[in-house]
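# Tertiary structure, described
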Amino acid sequence: MATENKNLSEYDKDTIPNAKDLRFGIVVSEWNSNITEGLYDGAEAALKDCGAQDSNIIRWNVPGSFELTFGCKKMIRQEKLDAVIAIGSVIQGETKHFDFVCSATAQGIKDLNVQEEVPVIFCVLTDNTMQQAMNRSGGKHGNKGAEAAIAAIKMAVLGR
Ligand SMILES: Nc1c(NC[C@H](O)[C@H](O)[C@H](O)CO)[nH]c(=O)[nH]c1=O
Ligand SMILES: CC(=O)[C@@H](O)COP(=O)(O)O
C-alpha cells in the first residue's frame, strides 16, 4: 500500500507494548532540518504516548543522512539501548547524488541490523519534492517519525 493510501501516524495503542522500561536512541540528520525536526517530534511524541520516559530518549545529530550509519553505530556502542531510530530527509536535486545518498544510507542501516544486536529503524524520507517530504513529516499523510517509533518499540521487545 502506498503512503498516499494510509496515515503514517495511525496506531492502536492496545497492540503496542508499554515502552516505560525501554531506552531509545534517535540519530537526526541536519540536512532538510525543517523536515527532520518534524520527524523527530513525531517519533518522540509517539514514544512518550506509549510510555517511554524523557530520560530514556537519547538524541544525537549528524550532518546528513549519509552520516546516519556511523552515528547509529557509535551510539549503539556507547549507550545501552533497546532500539535506535535513524532520521533523515533526502530530496532529489539536479544530479544523481540523491541516488547515491539514498542507496548508501539504506544499505548502511541495513548492514547495522545485520551486524549489531540493537535494531535500527529506517526513518529516512527519500522524496522527489519538498512537498512530498512535508506531507510525510506531519502533513496530510501523517508522520513517518510516529511510524518509526512504533516499529522501534515492537523491535525492542521482539523475541521476549
Ligand atoms: N542532499 C542531501 C544530503 N546530502 C549530504 C550527505 O548526506 C552527506 O552529509 C554529505 O555527502 C557528506 O558526507 N543529505 C541529506 O540528508 N539529504 C539531502 O537531501
Ligand atoms: C540528495 C542530494 O544530495 C541532492 O539534494 C543534492 O542536490 P544536487 O543533486 O542538485 O547537487
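Each value, and the rule that gives it
Residues numbered from 1 in each chain as written. Chains lettered and ligands numbered in written order. Predicted model: local features only at pLDDT ≥ 70, side-chain atom pairs only at ≥ 80, totals over all residues. Heavy atoms only, no water. Near = heavy atom within 4 Å. Polar contact = N/O pair within 3.5 Å; in protein donor to acceptor, adjacent residues only side chain to side chain. Areas by Shrake-Rupley, 256 points an atom, 1.4 Å probe, with all protein chains shown as cover. Phe/Tyr/Trp six-rings, centres within 6.5 Å; stacked < 30°, edge-to-face > 60°. Lys NZ or Arg CZ within 6 Å of the ring centre and 35° of its normal. Helix = DSSP H or I, 4+ residues; strand = E, 2+ residues; numbered from the N terminus. Buried < 20%, exposed > 50% of the residue type's maximum accessible area, 1.4 Å probe, protein only. Core = buried A, V, L, I, M, F, W, Y, C linked by side-chain atoms within 4.5 Å. Contact = heavy atoms within 4.5 Å. Disulfide = S-S within 2.5 Å. 1 Å grid on protein atoms, 1.4 Å probe; cavity = no way out; pocket = protein on both sides within 12 Å on 5 of 7 lines; lining within 4 Å. Points joined across faces, edges and corners; volume = space filled by probe spheres on them. Nonpolar A, V, L, I, M, F, W, Y, C, P; charged D, E, K, R; others polar. UniProt positions renumbered as here; feature names shortened; annotations may be inferred. Axes fitted to C-alpha atoms, helices over the stretch in contact; angles between N-to-C directions. Parallel < 35°, antiparallel > 145°, perpendicular 65-115°, else oblique. Left-handed = near helix turned anticlockwise from the far one by under 90°.

## Side note on the site of ligand 1
As a matter of local geometry, ligand 1 sits amid S29, W31, N32, G64, S65, F66, E67, S89, V90, I91, H97 and V101. Between ligand 1 and the protein, one listed contact pairs an oxygen atom with a side-chain N or O atom of S65 at 2.8 Å. In the environment of ligand 1, a nitrogen atom lies 2.8 Å from a nitrogen or oxygen atom belonging to the backbone of S89. Taking 430 Å² as the accessible area of ligand 1 by itself, protein coverage stands at 76%.

## Points about the packing of aromatic side chains
By the definition in use, this model includes zero aromatic pairs. Looking at R59, its charged tip hangs above the ring of Y40, at a distance of 4.5 Å from the centre.

## Thoughts on unusual backbone geometry
Phi is positive for N32, close to 55 degrees, though the residue is something other than glycine. Mapped onto the elements, N32 comes out in the loop between β1 (24-29) and α1 (33-49). In this structure N32 comes out as buried when scored by relative accessible area, which is 18%.

## Things to note about the nonpolar core
In terms of nonpolar packing, the biggest core is built from 29 residues, with F24, I26, L47, I85, I87 and I153 touching the most fellow members. Mapped by element, the contributors of at least two residues to this core are β1, α1, β3 (83-91), β4 (120-127) and α5 (144-156). Counting residues per element, this core draws most heavily on α5, which supplies seven residues. For L47, the residues in contact, after removing those within four places along its chain, are A19, F24, I26, A52, I57, I85, A149 and I153. Formed by 19 residues, the second largest nonpolar core is a distinct cluster that contains I76, V101, I109 and V120.

## Thoughts on the state of the cysteines
Taken as a whole, this structure holds zero disulfides when the rule is applied. Not part of a disulfide, C50 finds its nearest cysteine sulfur in C123, a span of 15 Å. In this structure C72 is a free cysteine whose sulfur lies 11 Å from that of C123, the closest cysteine sulfur available. Residue C72 is classed as buried on the basis of its relative accessible area of 0%.

## Things to note about the layout of surface pockets
In this structure, the largest pocket spans a volume of roughly 260 Å³. The wall of the largest pocket is formed by 16 residues, among which W31, V90, I91, H97 and V101 lie closest to the centre. Elements with a minimum of two residues in the lining of the largest pocket: β3 and α3 (97-115). Class assignment of the residues belonging to the lining of the largest pocket gives a composition of six nonpolar, eight polar and two charged.

## Considering the UniProt feature "active site" (unreviewed entry) in the protein chain
Annotation from UniProt places "active site" (unreviewed entry) at H97. Tracing the chain through its elements places H97 in helix α3.

## Things to note about the environment of N56
For N56, the location among the structural elements is in the loop between α1 and β2 (57-62). Between the alpha carbons of N56 and L81 there is a distance of 8.7 Å; along the sequence they are 25 residues apart. Among residues more than four places away in sequence, those in contact with N56 are K20, L22, R23 and F24.

## Some words on the side chain of N135
As for its position among the elements, N135 is in helix α4 (residues 130-135). When near neighbours in sequence (up to four residues on either side) are disregarded, N135 contacts K140, H141 and G142.

## Here's the deal with the packing of helix α2 (residues 68-78) against α3
In the contact formed by α2 and α3, the axes pass within 8 Å of each other and the chain directions differ by 20 degrees. Here α3 runs roughly parallel to α2, going by the angle between their axes. With respect to the hand of their crossing, α2 and α3 are arranged in right-handed fashion. Listed contacts from α3 to L68, T69, C72 and K73 of α2 are A104, T105, G108, I109 and L112. Residues that form the contact of α2 with α3 fall into these classes: five nonpolar, three polar and one charged.

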